Structures are given as C-alpha cells and as structure tokens.
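# Structural characterization, general
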Amino acid sequence: MNNTVLITGATSGIGLACARKFAANGDRLILTGRKENVLTEIRKELTEKGAEVLTLAFDVRDREKAKKYIGDLPEEWQEIDVLVNNAGLALGLEPEYEGSYEDWETMIDTNIKGLLTMTRLIVPGMVKRNRGHIINIGSVAGDAAYANGNVYCATKAAVKTLSDGLRIDVAHTAIRVTNLKPGLVETNFSNTRFHGDTERAANVYKGIKPLTGDDIADVAVYAANAPEHVQIAEVLILATHQGSGSVIVRE
Ligand code: NDP
Ligand code: 8X3
C-alpha cells in the first residue's frame, strides 16, 4: 500500500535522498524544509516522474508555524502514514568548554525540539488511526561522545532516548518507531558544521568511502515497508572502514 510520507529537511542530503527513494517506491510526499525555491525544484523533479508531492516551507524551530502548516493541511493530505524526522545539523567541532552558545541553541532547538514538535503534531493522528511509522534520523554520534562533538552528540543521544520513549508510549498501537543511526554520510552536513569552510568539510571524507544519502534512504524505505508485525527499532549504519563514532580508518 502506498503511504503518505512527510520528510523534514528534504532540501538536501539524507532528506532529499529519502524523498527520491520514497517517491520511487510509489509513496505520496509532503516535503518540508526552509528553502522554498529548492522545495519547488524538487517537487517539479518528482512530479515529472509521476509522484504526488506537497511542499511546505518552514523552519522546524518555529513551533507556531509548524502548528499552522500541519493544522492547515488540505484534507487529502491530513493522514500522514510515515514521518521522517530528518531536519538537523551539527555546528562546530570544539571542546565543550569553548563551544558557541549560539551554535548550542541552534542544535538543541533543531535536533531535539524541532523533532519533538513534529512528533507532537503528527503522532496523535496516527494514534487515532492506529497506523503510522516515525523514522527518526539519529546518529552514531548518539551512541557515544567523540572528541569535540559534545553538544551535537548529546542531541543525537536525545533522539535515541526520545525514539525509545515514543516506541514504549505507542506500543499499545500498530505504530512503529525507528531510530536510524548513520555514521559518516557525505552531504552538506560538514559544510554546515564548519560554517562554510568547504576545505575543512572535504577533509572529513578524505581517505574513506563514506556513505551516501541513498544508503540511508534505502534503509528508511525498507523499515517503512517491513511486514506490519515487524518493527525495525534501531539501525546503526556505518561505512565499512568506520569502526565507531571515533574510529575511522583512512587510506
Ligand atoms: P544536510 O545539511 O545535507 O541536510 C540537512 C537538512 O536539514 C537540510 O534540508 C536542511 O535545510 C534541514 N534543516 C536544518 N535545519 C533546519 C531547520 N531549522 N528547519 C528545517 N530544516 C532544517 O545534512 P544531512 O542530510 O547529512 O543531515 C540530515 C540529518 O542526518 C541530520 O539530522 C543529521 O544530524 C543526520 N546525520 C547526518 C550524518 C552525516 O554524516 N551527514 C550522519 C548521521 C546523522 P537547509 O538547507 O534549509 O539548511
Ligand atoms: C553525523 C555523523 O560522526 O559526523 O551524525 O557525528 S558524525
């Protein structure tokens, strides 16, 4: 059965790859992100391939806007089957005692509070319908801190705990909760982390074949299409030469 899938942060990287893979799977898409022009381009690309796509441009940190956009969804788009909580970012890579207050706020507001807002807005409908799937994009960074990762790692540890908590809270329903925990994925992630220092960002992926957004999207589509009695609770996805959050063997 085709699902209606809402993806946050669908303008780039893992979110965009999920949009393309779910569309190829025959699903209907609600794509959200901050860049309206990019969303429009993606909608055009996917509708040309036959997908049904609705785009909503808002920042997941803006709770009032999120409430309005989700509350005002056209009737035929209100029944969301799959929520992919993907919007997120790392900012900075420095010792905890030297981090930027502003970067901390942005990461916490986006990765934790934005994800919670979307969950709070969309899961009640799933509970009512006794049907749905929440796929949170966590990270290997949430399993253990790595050097200078402190606050980002903490936000992804929160994603794990929030996924575990939600899974318990919906266990009386047919809703499934998946926490996907990628390692190194080559996207715009490191450009954002290093505030546009593209050379530093490129170094992150030097000497190792990193994962791609498609590798993560494949797992998301698999989890969403597993038999109804199967809940893919958590998946750690690493590049072959990555041993853990801090062990990366480069050529
Ligand atoms: P990208 O930077 O390529 O994509 C991030 C997406 O999130 C963009 O669409 C971005 O939109 C969106 N976004 C960021 N902040 C907000 C916001 N406040 N409101 C709405 N959308 C927002 O990085 P990735 O694809 O790699 O990251 C996606 C997720 O995957 C993140 O949660 C990240 O933590 C996680 N992850 C990434 C890994 C990696 O190595 N790349 C590994 C493990 C997890 P905009 O263009 O407007 O900024
Ligand atoms: C992104 C992966 O290892 O750069 O969450 O933190 S890592």
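As a starting point, this report considers the structure included with it. (Residues numbered from 1 in each chain as written. Chains lettered and ligands numbered in written order. Predicted model: local features only at pLDDT ≥ 70, side-chain atom pairs only at ≥ 80, totals over all residues. Heavy atoms only, no water.)

### What to know about unusual backbone geometry
- The phi torsion at Asn130 lies on the positive side, around 55 degrees, for a residue other than glycine.
- For Asn130, the position within the fold is in the loop between helix 4 (101-129) and strand 5 (133-137).
- Its identity as a non-glycine residue notwithstanding, His195 has a phi of 50 degrees, on the positive side.
- Mapped onto the fold, His195 is located in the loop between helix 6 (189-193) and helix 7 (198-204). (Helix = DSSP H or I, 4+ residues; strand = E, 2+ residues; numbered from the N terminus.)

### What about the site of ligand 1?
- Close to ligand 1 lie 27 residues; Ser12, Arg34, Lys35, Tyr152 and Thr187 are nearest.
- Separating an oxygen atom of ligand 1 from a backbone N or O atom of Ile14 is a distance of 2.8 Å.
- Here Asn86 contributes a backbone N or O atom positioned 2.8 Å from an oxygen atom of ligand 1.
- If ligand 1 stood free it would expose 880 Å²; the protein chains cover 94% of that surface.
- In terms of residue class, the shell around ligand 1 is built from 10 nonpolar, 12 polar and five charged. (Near = heavy atom within 4 Å. Polar contact = N/O pair within 3.5 Å; in protein donor to acceptor, adjacent residues only side chain to side chain. Areas by Shrake-Rupley, 256 points an atom, 1.4 Å probe, with all protein chains shown as cover. Nonpolar A, V, L, I, M, F, W, Y, C, P; charged D, E, K, R; others polar.)

### Examining the site of ligand 2
- Around ligand 2 sit Ser139, Ala141, Tyr146, Tyr152, Gly183, Phe189 and Arg193, and that is every residue in its neighbourhood.
- Tyr146 places a side-chain nitrogen or oxygen 2.5 Å from an oxygen atom of ligand 2.
- Note that an oxygen atom of ligand 2 is positioned 2.5 Å from one of the side-chain N or O atoms of Tyr152.
- Surface burial for ligand 2 is 88%, taken as the share of its 240 Å² of free accessible area covered by protein chains.

### Brief notes about the packing of aromatic side chains
- In the structure shown here, the tally under the stated rule is three aromatic pairs.
- On the basis of an interplanar angle of 80 degrees and a centroid distance of 5.6 Å, the ring pair of Tyr101 and Trp104 is categorised as edge-to-face. Placement of the pair is Tyr101 and Trp104 together in helix 4, with a separation of three residues, close to one helical turn.
- For Tyr101, a relative accessible area of 65% translates into the label exposed.
- Note on Trp104: relative accessible area 23%, which makes it partly exposed.
- Lying across the ring of Trp77, Arg28 places its NZ or CZ 4.0 Å from the centre. (Phe/Tyr/Trp six-rings, centres within 6.5 Å; stacked < 30°, edge-to-face > 60°. Buried < 20%, exposed > 50% of the residue type's maximum accessible area, 1.4 Å probe, protein only. Lys NZ or Arg CZ within 6 Å of the ring centre and 35° of its normal.)

### Considerations on helix 5 (residues 150-169)
- Compared with an ideal rise of 1.5 Å per residue, which puts 20 residues at 28 Å, helix 5 spans 28 Å between its outermost C-alpha atoms and is within 8% of the ideal.
- By the burial criterion, the buried members of helix 5 are Asn150, Val151, Tyr152, Cys153, Thr155, Lys156, Ala158, Val159, Ser163, Leu166 and Arg167.
- Check the buried side of helix 5 and you find it contacts helix 4, strand 5, strand 6 (176-182) and helix 6. (Expected span 1.5 Å × (residues − 1). Contact = heavy atoms within 4.5 Å.)

### Considerations on the pairing of strand 2 (residues 28-33)
- Across the six residues that make up strand 2, a large majority, six, are buried.
- Of the pairings in the sheet, the one linking strand 1 (residues 4-7) to strand 2 comprises four bridges and is parallel in character. By the bridge assignment, Val5 is partnered in strand 2 with Leu29.
- Traced from strand 1 through helix 1 (residues 13-24) to strand 2, the parallel crossover comes out right-handed.
- Sheet topology note: the strand 2/strand 3 (residues 53-57) ladder contains five bridges and is parallel. Each bridged residue has a counterpart across the sheet, and for Gly33 the counterpart in strand 3 is Ala57.
- For the crossover that starts at strand 2, traverses helix 2 (residues 36-48) and ends in the parallel strand 3, the hand is right-handed. (Pairing = 2+ DSSP bridges. Right-handed = clockwise from strand over helix to strand, strands pointing away.)

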